Amino acid sequence: MPNNYDRSMWRMSVAPMMDWTDKHCRFFHRLLSQHTLLYTEMVTTGALIHGDVKRHLRFEAQEHPVALQLGGSEPTDLAQSARLGQQWGYDEINLNCGCPSERVQRGAFGACLMNEASLVADCVKAMVDAVDVPVTVKHRIGIDKIESYDFVRDFVGTVAEAGCEVFIVHARNAWLKGLSPKENREVPPLRYEVVAQLKRDFPELTIAVNGGIKTDDVVQQQLSQVDGVMVGREAYHNPWWLASWDGLYYQDESIERTRESIEEQMVLYMEQEAREHGTHWYSIARHMLGLRNGLAGARRWRQVWSDHKLKTLPPHEVMKLARTKPSQADALNL
């Protein structure tokens, strides 16, 4: 099957992370990198079909390229939700086959879907038939104690036949019982070699790797074996790392960024969100608290931006306080 998409779209991406990669987080990350692919939090088909579509799908035009991750296992519902995603302008529709949480399992989707490759294939085909944008799958390399390479190879092969050309592979097993979602990101061992083998066996597919990636050395090593790298929590906790990605991985150094300019643009965004949607700046600022990690004064800067006692101030005033020198802050009892 020929790959109909430009593989560079998946060279670098920030993972979908529940409660973290909302539209405000994605806007912040886009200020740091113009090219990195950004993912929404997982949105269930039920939330879209029966809930507030605008609340779940609204995003800023500046966020492109941006992908919508769906959670579900009913082909008709997924097709309807994929159509909504395309109508709202998303560049990709991604199916979650990797989340191990028990709440997701009760909904019969997430990692447990890897046990039902033919159902996933039906879901993918329904979405591929419904939209023109890429339909992709994010999954694990196995579930529970199944560590046979044949399991994940057959899963990918079956789903690819249904029209999926892009697979984002978390290089750990998902343990469906006995581990929390956090433990599932840390306890099962990373096996990057399994993802590399998938790329060798399916050279026509776009294969991106996810899981435990925290340095450029590891990114470069992985990009020598697969088509893309997805970074999760490291991108959130140390967001300034993203500021180097355009130059390193897309040969684009056209935009010079400083932490100060990023903070100023975020303040303008906070003011815009308050005017247009009634969003309080406090719910936006939480995503940028790692911006100054490693710099002198970073701790106090974070404390100011996360101080609930300052919530009544406009964000430009909070920024001014956050930038106040420690000696001046002491005088102001900050």
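Look up a bit, the structure's there.
What you see is a predicted model, and the numbers here were worked out from it, not measured in a lab.

Chemist: In this structure, what is going on with the nonpolar core? I would like to understand it.
Modeler: A general tendency of soluble globular proteins is for nonpolar side chains to be buried together. Formed by 108 residues in total, the largest nonpolar core has its most connected members in Val 137, Phe 155, Phe 167, Met 266 and Trp 305. In terms of residues, this core owes the most to one element, helix α6 (residues 117-130), which gives eight residues. In this view, Phe 167 contacts Val 137, His 139, Val 156, Val 159, Ala 160, Leu 205, Thr 206, Ile 207 and Ala 208; residues no more than four positions away in its chain are not counted.

Chemist: I keep staring at unusual backbone geometry and nothing clicks. Help me out?
Modeler: Working note: non-glycine residues mostly have negative phi, and peptide bonds are mostly trans. Note the cis peptide between His 64 and Pro 65, where omega equals -5 degrees. At Asp 19, a position not held by glycine, the phi torsion is positive, near 70 degrees. Of note in the backbone geometry, Gln 251 takes a positive phi value of approximately 50 degrees without being a glycine. By relative accessible area, which is 62% here, Gln 251 ends up exposed.

Chemist: Would you mind going over the pattern of salt bridges with me for this structure?
Modeler: Where charged atoms of side chains with opposite charge meet at close range, the side chains can pair. All chains considered together, the criterion is met by 17 salt bridges. As a salt-bridge pair, Asp 307 and Lys 309 come within 3.5 Å of each other at their nearest N and O atoms. Three or more residues are tied together by salt bridges with common partners; here these are Lys 23, Arg 58, Glu 60 and Glu 273.

Chemist: Explanation requested: the packing of α6 against helix α7 (residues 149-161) in the structure shown.
Modeler: When two helices pack together, their arrangement is given by the angle between the helix axes and the distance between those axes. It is the contact of α6 with α7, at a shortest axis distance of 8 Å, that shows an interaxial angle of 30 degrees. Classified by the angle between their axes, α6 and α7 sit roughly parallel to one another. Helix-helix and strand crossings are classified by hand; for α6 and α7 the assignment is right-handed. Across the interface between the two elements, Ala 117, Ser 118, Val 120, Ala 121 and Val 124 of α6 pack against Phe 155, Thr 158 and Val 159 of α7. Looking at the contact of α6 with α7, its residues break down into six nonpolar, two polar and no charged.

Chemist: When you look at the layout of surface pockets in this model, what are you seeing that I'm missing?
Modeler: If a probe the size of a water molecule is rolled over the atoms, the empty space left behind becomes visible. For the largest pocket, the calculated volume is near 770 Å³. Contributing to the lining of the largest pocket are 33 residues, with Pro 16, Met 17, His 170, Arg 185 and Arg 233 lying nearest its centre. At the level of secondary structure, the elements contributing two or more residues to the lining of the largest pocket comprise β2 (37-44), β5 (135-143), β6 (166-174), β8 (228-231) and α11 (233-237). Its residues placed into classes, the lining of the largest pocket shows 12 nonpolar, 11 polar and 10 charged. In this structure, the second largest pocket is lined by 16 residues; those nearest its centre are Asp 22, Glu 41, Val 43, Arg 55 and His 56. For the lining of the second largest pocket, the elements supplying multiple residues, two or more each, are α1 (23-32), β2 and α3 (53-57). Sort the elements by how many residues they give to the lining of the second largest pocket and β2 lands first, with five residues. Of the residues belonging to the lining of the second largest pocket, the class tally is four nonpolar, four polar and eight charged.

So, how was this worked out
- Residue numbers restart at each chain and count upward from 1, following the sequence in its written direction.
- Per-residue local features of the predicted model are confined to residues with pLDDT of at least 70, and side-chain atom pairs are confined, for both listing and counting, to 80 or more; whole-chain, interface and lining totals are unaffected and use all residues.
- No hydrogens and no water enter the side-chain calculation; it runs on all heavy atoms of the structure.
- Only buried residues count toward a nonpolar core, which is a set of Ala, Val, Leu, Ile, Met, Phe, Trp, Tyr and Cys residues joined through side-chain atoms within 4.5 Å.
- With a 1.4 Å probe rolled over the protein chains alone, any residue whose accessible area is under 20% of its type maximum counts as buried; one over 50% counts as exposed, and the rest are partly exposed.
- Comment: elements are numbered from the N terminus, with helices defined as DSSP H or I runs of at least four residues and strands as E runs of at least two.
- Contacts: residue pairs with any heavy atoms within 4.5 Å of one another.
- The term salt bridge refers to a pairing of a side-chain nitrogen on Lys or Arg with a carboxyl oxygen on Asp or Glu at a separation within 4 Å.
- For helices, the fitted axis covers only the stretch in contact; all axes are lines through C-alpha atoms, and the angles between them, taken along N-to-C directions, range from 0 to 180 degrees.
- Should an angle fall under 35 degrees it is taken as roughly parallel, and over 145 as roughly antiparallel, whereas 65 to 115 is taken as roughly perpendicular and any remaining angle as oblique.
- Note: crossing handedness is left-handed where the near helix turns anticlockwise from the far helix by less than a right angle, and right-handed where it turns clockwise.
- Charged means Asp, Glu, Lys or Arg here, nonpolar means Ala, Val, Leu, Ile, Met, Phe, Trp, Tyr, Cys or Pro, and polar covers whatever is left, Gly included.
- The rule is simple: put a 1 Å grid over the protein atoms alone, call a set of points where a 1.4 Å probe fits but cannot get out a cavity, call an open set with protein on both sides within 12 Å along at least five of seven lines a pocket, and count a residue as lining if it has an atom within 4 Å of a point.
- Grid points are joined across faces, edges and corners, and a volume is the space filled by probe spheres set on the points.

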